[in-house]
Amino acid sequence: MTHQSIHSSIRLPMHLKHFLLPVLLLLFASTAFASKPSPEALPTPVSITDDLGRTIVLQRPATRIIALYGAFNEMLAELEKEDTIVARTKADALPPSILSKPSIGTHMRPNPELVAGLRPDIVLQMGGRKKALESVRMLEQLDIPVAFFSITTFEELFSVIKRLGTLTNAEDQATLVCNALQERLVRVQQQLTTVEHKPSVFFEVRYPNLLGAGNASIVNDIINHAGGTNIMDASVKLVRINEEEVIKRDPEVYLIQQGAMNPNPQPMKTRAHFRTINAVKNNRIYIIDESSYSRPGPRAVSAVEELAALLHPTRMQPTSHISGDM
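Residues numbered from 1 in each chain as written. Predicted model: local features only at pLDDT ≥ 70, side-chain atom pairs only at ≥ 80, totals over all residues. Heavy atoms only, no water.

**Student:** What is the right way to look at the pattern of salt bridges in this model?
**Tutor:** When the charged atoms of two side chains lie near each other, side chains of opposite charge can form a pair. Throughout the structure, instances matching the rule amount to 11 salt bridges. Note that R295 is salt-bridged to E74, the shortest N-O span being 3.4 Å. You can see R295 sitting in the loop between α11 (290–293) and α12 (299–311) and its partner E74 sitting in helix α3 (residues 70–78), a full 221 residues away along the chain. Exposure remark for E74: the relative accessible area of 10% places this residue in the buried category. Counted as one network, the salt bridges with shared partners bring together E74, D92, D289, R295 and R299. (Salt bridge = Lys/Arg side-chain N within 4 Å of Asp/Glu carboxyl O. Helix = DSSP H or I, 4+ residues; strand = E, 2+ residues; numbered from the N terminus. Buried < 20%, exposed > 50% of the residue type's maximum accessible area, 1.4 Å probe, protein only.)

**Student:** What is the right way to look at the pairing of strand β1 (residues 46–49) in this model?
**Tutor:** Two faces, one strand: in a regular strand the side chains alternate between the faces of the sheet. Here β1 shows a clear split, with V46 and I48 buried on one side and none of S47 and T49 buried on the other. For β1 and strand β2 (residues 55–58), the ladder comprises 4 bridges, and the chain directions are antiparallel. Its bridge partner being in β2, I48 is matched across the sheet by I56. In this structure, the hairpin formed by β1 and β2 is closed by a connection of 5 residues, where G53 is found at a positive phi of approximately 80°. (Pairing = 2+ DSSP bridges.)

**Student:** Sorry if this is basic, but what is going on with the side chain of R295 here?
**Tutor:** A distance of 3.4 Å separates a polar atom in the side chain of R295 from a polar atom in the side chain of E74. Discounting residues that sit within four places of it in the chain, R295 has contacts with Y69, G70, A71, E74, D92 and E290. (Polar contact = N/O pair within 3.5 Å; in protein donor to acceptor, adjacent residues only side chain to side chain. Contact = heavy atoms within 4.5 Å.)

**Student:** Sorry if this is basic, but what is going on with α3 here?
**Tutor:** The periodicity of an α-helix, 3.6 residues per turn, causes residues three or four positions apart to be oriented the same way. In terms of residue burial, α3 counts as a mostly covered element, since 7 of its 9 residues are buried. For α3, the complete set of buried residues consists of G70, A71, F72, N73, E74, M75 and L76. Those residues of α3 that are buried are in contact with β3 (65–67), β4 (122–126), β5 (146–149), α6 (154–167) and α12. Trailing α3 by a residue or two, E80 shows a phi angle of about 60°, which is positive.

**Student:** Just to check I follow, could you spell out the packing of aromatic side chains for this structure?
**Tutor:** The description of two aromatic rings rests on the distance between their centres and on the angle between their planes. Within the structure shown, the criterion is met by 7 aromatic pairs. Where Y69 meets F72, the ring centres are 6.3 Å apart and the plane angle is 70°; that geometry is what we call edge-to-face. Across the pair, exposure class does not vary: Y69 and F72 are buried alike. Grouped by ring-pair contacts, the aromatic residues F202, Y207, Y254 and F274 constitute a single cluster. Note that R295 overlies the ring of Y69, its terminal NZ or CZ placed 5.8 Å from the centroid. (Phe/Tyr/Trp six-rings, centres within 6.5 Å; stacked < 30°, edge-to-face > 60°. Lys NZ or Arg CZ within 6 Å of the ring centre and 35° of its normal.)

**Student:** I keep staring at the packing of α6 against helix α7 (residues 171–191) and nothing clicks. Help me out?
**Tutor:** Between two packed helices, the angle of one axis relative to the other and the distance separating the axes together describe the packing. Their axes nearest at 7 Å, the elements α6 and α7 cross at an angle of 160°. The angle between the axes of α6 and α7 places the two elements in the roughly antiparallel class. Read as a crossing pair, α6 and α7 show a hand that is right-handed. Facing F154, F158, I161, K162, G165 and T166 of α6, the residues of α7 in contact are E171, A174, V177, C178, L181, Q182 and L185. For the contact of α6 with α7, the per-class residue count stands at 8 nonpolar, 3 polar and 2 charged. (Axes fitted to C-alpha atoms, helices over the stretch in contact; angles between N-to-C directions. Parallel < 35°, antiparallel > 145°, perpendicular 65-115°, else oblique. Left-handed = near helix turned anticlockwise from the far one by under 90°. Nonpolar A, V, L, I, M, F, W, Y, C, P; charged D, E, K, R; others polar.)

**Student:** Sorry, what's going on with the environment of T106 here?
**Tutor:** By secondary structure assignment, the location of T106 is in the loop between α3 and α4 (112–117). In this structure, the C-alpha to C-alpha distance between T106 and K90, residues 16 residues apart in sequence, is 5.5 Å. Looking at T106, its side chain comes within polar contact range of the main-chain nitrogen of R109, at 2.9 Å.

This is the structure in C-alpha cells:
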C-alpha cells in the first residue's frame, strides 16, 4: 500500500488526518520490518573434526541424534541433551529414558532404512573394530552425517564430550562435565601419591577362548589411574592369550568382567590350572561390571574410583560392593 492509497482511504477531518497519518505509516513500516527474520534468529552452523580427520558441518546444532554406541547416550545425558536422542541400538538401556525409543539394530549392524526414516541430524559411531567403518560408509551413502570417534584414554574421552557439546550447542555444560570428571581423577591420584607398589592386574574380557584387555583400551587407562599395572602390554584393544601365559605373568589381581561379552563368568574354583596364580592364592579375584569398565563413557571415572579401592584398600574406601567370591 502506497503513501497515496493510505491517504485516500482515510475519511477523517483534516486536522485528525494530519495527526494520524504519520502514526499509521510508522505502524505499517514496523509490520513490514518485523516480517523479515532478524540475523540473530538465523541458525548458526556448528562443526567439529572427528577421529577420522573429517570435518563434520551441521547447519544448526543437532536436535535429533542416533548413537550406534551406548556410551554416547550417557554422554548426551551428562550434557543435559537427553531429549536429542531419537533411537537406540538393541543392547542399550542407559539412560533409562531411551528404553522407550525405537531400536534401529545393533552397534555393528544398524538398519539403514530405520535410521534414515528417523531423520537424524547426525549419527555417532565408535571405533575399535574395522566393521564399525562399514556402517559409517553405508549411512553416508544415504546422505546421513556420521561422526566417528575412538576412545582409548580419558584424554580422548574428554575430547569427545567437548565435541558433542559443540554439536549440540552445550559447550559450557561440556566444560563443566569434563572439569568435574577430571577433578575426581585428580582426587584419586592425590590419595595414591605415596604408593610405592602398583599391583599387576589381568583384566579378563572373556573366558573360555580367553581374551584380555590390551594397552589400546580404556581399561588400560582405568588400571593406570587406579594405581595398577596391566600385565598385557600389547598395543591392541583385545589380546588373545592362553592360560599358560597368564600363569607365567602371575597377576596379583584378577578382574573378570560380567556383561554382554562375558555373561556367565566361570568360577575360578573350577579352573584348577590357575590355582598357582598370586591373585588366586591371595583371593584377589573380582567380578566387575563390563559396561562401567569396557565402555568408554562417564562411568569409567567411577570404575577408577572403584578399582583404586580394590588395589589399595588401605588408602581408599570401597565405593561399591564388588563380588570377590570366585
